[in-house]
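Listed below, chain by chain, are the residues.
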Amino acid sequence: MQQKRSAFKDLRLLARLVFYSHVLLLFKNPLTLLGRLLSIIMAAVHSVILRRWLPYNANPPAVVERSGMDLDSWNRWLSSKLYYPPMMGTIDFLIDGQRFFSVLHEAIEKSQQSIDVRMYIFDNDDVATVVADQLKAQTNVRVRVLMDDLGYRFAALKPNPNTPESFESPDDIGDYMAAEGVQVRRSPNPWFSGDHNKAILIDGDTLFTGSINIGREYRHHWHDLMMQVKGPVISIYEKQFDKAWAHAGPSGDLGHLLAFCKPLRKNIAKPEGAFPIHVLSTSTAKAEIHKVSLGAIKRAQSYIFLENPYFRDNRLIDAIIAARYRGVDVRIIFPGVNDIQIMAKSNELLVNRFLEHGVRVFIYPGMTHLKAIMVDDWASVGSANYDMLSLYVNQESNLAFSDPTTIAKMKQDLFEKDFEKSVEVTTPIEVDWEHYISDVIAGFL
């Protein structure tokens, strides 16, 4: 009986996806439907057709100790290529779910005016329901929750085995919150694309953003990262939320256009110690995160530190190998346990390729879900994986910065500790035909 109910839910979800994200969008979001399709085509062209196959020998040079790239020149290049100019702000790293959720609960409790949640997965387990209950309790605060329609529904179909037996999950966490006055909208998923952002705005002066979704594994089991952000840079995330909120509403593309035309808020105070921060985005027909990541890797002179669970972009892979042949110290952290088995096997093939060309690879003990790269004392951190969907198709946001104090803290508290916790791979991983099939499939994810 349970299997029949589960199959019925799957079919109902598929029918909803086809209707809500395709049939309805023909009338409400026709430009989005066409734009996402073009983004998918562009991703295939860039990743496969325009890929450069670079010849290498099997003897990469030793790492060369030298100064990094010219950061002033790099930041000027960024400002000339990105839609938004750099804006001032501060960043505090909230490493792992226990730290993030404790700070989040306190911030929600102290909220006075508004809470805007934009989340790829807002699960229906015990951890997510506690957050939902807290949002429902803020009766004197305007609360808006924007959830990816596919992300949160698929998450709800997979019960977490560690959830307490006594807990009864809501059938639909969105309806559960909306019943008590929380405003809830679902982002549609044309061509199976998604709104992969994780951003929470509170009272217009605090932003939480990064790669942590709202759910049990993110709080208790996975290695992950959110950032607490203050300062005028928040205004960009406010505008991004307003556009996405309108886009998911009845006005669709028209509402998105009207929200796009609104100026950024100007009255956000600049906190002490603020520094320039670039906001990088992936959105329909805009691949800033890929462009910037590729540009930084190609300019690297000293080191590249990278941690990402889903890595399957050929041009970035080629650029990393090319950097290693310039004598750059390249170190990459992959998860020892991956929640997507296709990506796990694809990663193992990539590990072997990196080893062949002198790239140092580390395996983190468990699932690391964070997405971070440091190149010569410049960093980019946020929601974007290094796969086709995140780099070309989904809606994503990263923060990029080169403030020396923040860079030093990130290097010490994140990468150095993760290198220490991880096991370095020194011999190739044994692979079979399943790895090659998985790698082909992963190229389209």
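Below: a short report on this structure.

Further remarks concern helix H14 (residues 341-356). The end-to-end C-alpha separation of H14 is 23 Å, in line with the 22 Å expected for 16 residues at 1.5 Å each. Among all positions in H14, only Met343, Ala344, Ser346, Asn347, Leu349, Leu350, Val351, Asn352 and Phe354 are buried. Those residues of H14 hidden inside the fold are in contact with helix H13 (314-324), strand E11 (329-335), strand E12 (360-364), strand E16 (423-425) and helix H17 (433-442). The first or second residue beyond H14 is glycine 358, which carries a positive phi of 85°.

In this structure the tally under the stated criterion is 17 aromatic pairs. Taken together, a centroid distance of 6.0 Å and an interplanar angle of 35° make the contact between phenylalanine 415 and phenylalanine 419 tilted. Here the residue phenylalanine 415 and the residue phenylalanine 419 both occupy positions in helix H16 (residues 404-421), the gap between them amounting to four residues, near one helical turn. Given the relative accessible area of 11%, phenylalanine 419 is considered buried. One aromatic cluster is present, formed by Tyr303, Phe305, Phe362, Phe415 and Phe419 through successive ring pairs. Its end group placed over the ring of tryptophan 77, arginine 299 keeps NZ or CZ at 4.5 Å from the ring centre.

Looking now at the pairing of strand E8 (residues 275-283). In terms of burial, E8 is largely enclosed, as eight of its nine residues are buried. Where strand E1 (residues 87-95) and E8 come together, three bridges link them in antiparallel fashion. Along E8, the bridge assignment pairs glycine 89 with phenylalanine 275. Alignment of E8 against strand E15 (residues 396-401), held across five bridges, turns out to be antiparallel. Along E15, the bridge assignment pairs histidine 278 with alanine 400. When E8 meets strand E9 (residues 286-287), the two strands line up antiparallel, connected through two bridges.

Conventions we followed
- Residues numbered from 1 in each chain as written.
- Predicted model: local features only at pLDDT ≥ 70, side-chain atom pairs only at ≥ 80, totals over all residues.
- Heavy atoms only, no water.
- Helix = DSSP H or I, 4+ residues; strand = E, 2+ residues; numbered from the N terminus.
- Expected span 1.5 Å × (residues − 1).
- Buried < 20%, exposed > 50% of the residue type's maximum accessible area, 1.4 Å probe, protein only.
- Contact = heavy atoms within 4.5 Å.
- Phe/Tyr/Trp six-rings, centres within 6.5 Å; stacked < 30°, edge-to-face > 60°.
- Lys NZ or Arg CZ within 6 Å of the ring centre and 35° of its normal.
- Pairing = 2+ DSSP bridges.

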